[in-house]
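A closer look at the structure
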Amino acid sequence: MTILLGSSLGFRKGLGRRILCSLVFALVITALVVASYVLSGGKQDHLFQPFPSHSKDYASNYNQSEDRRQKHIALSENSVVQLTDRRIPEIEELKQYEPHLFAVIPQKFLSISQSPCWHQKYEGKKDPYSGNAYVLYAKRFRAVFEEMRQSFWKRLQVRGDSRYRLRCLPYFYIIGQPKCGTTDLYNRMRLHPSVRFSANKEPQWWTRKRFGIIRLKEALQSPFPVDDYLDLFDLAAQEIQALHNEAKDREDAVTVPLIIGEASASTMWDNNSWMYVYDNTTNTEPPHLTQDFIHAFQPNAKFIVMLRDPVERLYSDYLYFAIANKSVEEFHDKVNESLQMFESCLQMSTLRSCAYNTTLNNLLPVRLQVGLYVVFLWDWLSLYNMEQFLVLRLEDYSLRVLHSMRRVFSFLELEPLREEQEATITQSPASNSRRPEDCSLGPMYPQTKQLLRNFYRPYNQRLSQLLRDDAFLWEAQSGI
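A brief structural summary. All of these numbers come straight from a predicted model, not from anything done at the bench.

What counts and how
- Residues numbered from 1 in each chain as written.
- Predicted model: local features only at pLDDT ≥ 70, side-chain atom pairs only at ≥ 80, totals over all residues.
- Heavy atoms only, no water.
- Axes fitted to C-alpha atoms, helices over the stretch in contact; angles between N-to-C directions.
- Helix = DSSP H or I, 4+ residues; strand = E, 2+ residues; numbered from the N terminus.
- Left-handed = near helix turned anticlockwise from the far one by under 90°.
- Contact = heavy atoms within 4.5 Å.
- Nonpolar A, V, L, I, M, F, W, Y, C, P; charged D, E, K, R; others polar.
- Core = buried A, V, L, I, M, F, W, Y, C linked by side-chain atoms within 4.5 Å.
- Buried < 20%, exposed > 50% of the residue type's maximum accessible area, 1.4 Å probe, protein only.
- Domains from an automatic or database assignment.
- Pairing = 2+ DSSP bridges.
- Arc of directions from axis to C-beta.

**Looking at the packing of helix α14 (residues 310–321) against helix α15 (residues 328–346)**
Direction vectors running N to C along α14 and α15 enclose 120°, while the axes themselves pass 11 Å from each other. Between α14 and α15 lies a crossing whose hand is right-handed. Along its contact with α14, which presents Leu314, Tyr315 and Tyr318, the element α15 presents Val328, Glu330, Phe331, Lys334 and Val335. Looking at the contact of α14 with α15, its residues break down into 6 nonpolar, no polar and 2 charged.

Below, the structure written as structure tokens:
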């Protein structure tokens, strides 16, 4: 408790200065965007010229912009994305920032499960979940925690005068990306008899909750302790403990055939919290990333990444998260503004610092940075081997669900399923599809799509080189 309070006080102490730095950076970005427009004289051939909001004759305006679009295409095709190596922090440095994390999670785990599990001495109160922050902020979890309470006490291991509970972390993580089919993949994987997940699909603990971020762009709350995160895996841990006890009674030393997963789609890309926590200026690169802490405990973890044409991902993201007055026209304007802001950042900072810039990301009208897949994957590969990642395209997954699910289960080293089990998994209806009211808006403007294709093209090229697969160019979908 003392460690937690000390960390929280230190965190709050520097918050005001960091917010001030963020505001200064926001003003600089805004000034650059305005200056770029002023220097162009407000001319119609500006690189990211917004589609006129008052125009009703879209076809006419689009045809007149052909020269502008061709000019932009030439500029984009000659651009090269430079991916630089990052500084890998030492373990002692990580411990300095997260002492409680290292005090709770051990460096070695039991051999009873493929998931990293260990026995933790239990000295808590009668109700082990009464103060869990996930329950306090989301009442829908109460039924799940009530189920865990009912079996909690009989699963405790007694050694002398002490009692121990089995704690587990995930064996694998679905780490991204949002609006790329992760919910559908999660729901199908849940049907596998050997797969278990956290109590909720997206705990978002590593990227947000451990810093007190409940909802993006809202005031910070108290950080969620790591114990509250571990509670989300207690049902699976209790099941592993029960199966292990049964095997022990039979004098069978086999590993329990259950694996635990977690599916926060923010894990791969969201490091927005760093600027509020670490003592750095706003236009530098983060000293630590989420994967640094995961790797400190789980160097052998496995990761599943779902990707989608970043242009279509961004439009789907806009339709899903925008609240009111959504339109293709508004989307075009927001794309224009976001492109200008990101390009302005690149003029004075590195690609990595712009991709992880909290202030910029909070200011962008649309989440342009989420589609920079290669930037995030490159940083994950600074710690992990490529063999620890399964990277899927939503376009392929949607067309060949059975083939994709077989790849997933093979990657996780699970036994092949029977035909009737596969049928149950693959014939389930698609999850989290586009809402009817959003479908009625139709596709984005062709001009908007062209701007985004030009922006994402060099990043897709580097991604396809990294993965050695031209499908990640997404040029077939573009028709250009």
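There is more to say after this.
**Some thoughts on the nonpolar core**
Residues Phe172, Met189 and Leu412 are the most contacted members of the largest nonpolar core, which totals 129 residues. Split by domain, this core shows at least three residues from each of two domains, domain 1 (91–307 + 383–444) and domain 2 (310–382 + 445–475). Not counting chain neighbours up to four residues away, the residues in contact with phenylalanine 172 comprise Met189, Val195, Phe197, Ile259, Ile260, Gly261, Glu262, Lys302, Ile304 and Leu412.

**Concerning the sheet that holds strand β8 (residues 389–393)**
Across the sheet, which stays open at both edges, the 5 strands sit in the order β5-β6-β4-β7-β8 with parallel pairing between neighbours. This sheet does not close on itself; its edge strands, each paired only once, are β5 (195–197) and β8. Averaged over all neighbouring strand pairs, the angle between strand axes comes to 25°, with direction disregarded. Summarising the sheet, strand β7 (residues 302–307) and β8 pair through 5 bridges and their orientation is parallel. Each bridged residue has a counterpart across the sheet, and for methionine 306 the counterpart in β8 is leucine 392. The sheet contacts of helix α20 (residues 401–411) involve β7 and β8, and relative to β8 the element is tilted by about 170°.

**Focus: the pairing of strand β4 (residues 172–176)**
Judged by how many residues are buried, β4 sits mostly within the fold: 5 of 5 residues are covered. Note: β4 against strand β6 (residues 259–262), 2 bridges, orientation parallel. Bridge pairing links tyrosine 173 to glutamate 262 in β6.

**Here's the deal with α20**
Considered for burial, the residues of α20 that qualify are Val401, Ser404, Met405, Val408, Phe409 and Phe411. The arc enclosing the buried residues of α20, seen along the axis, measures out at 160°, which places them on a common side. Where α20 is buried, its residues touch α9 (182–189), β7, β8, α19 (394–399) and α21 (419–426).

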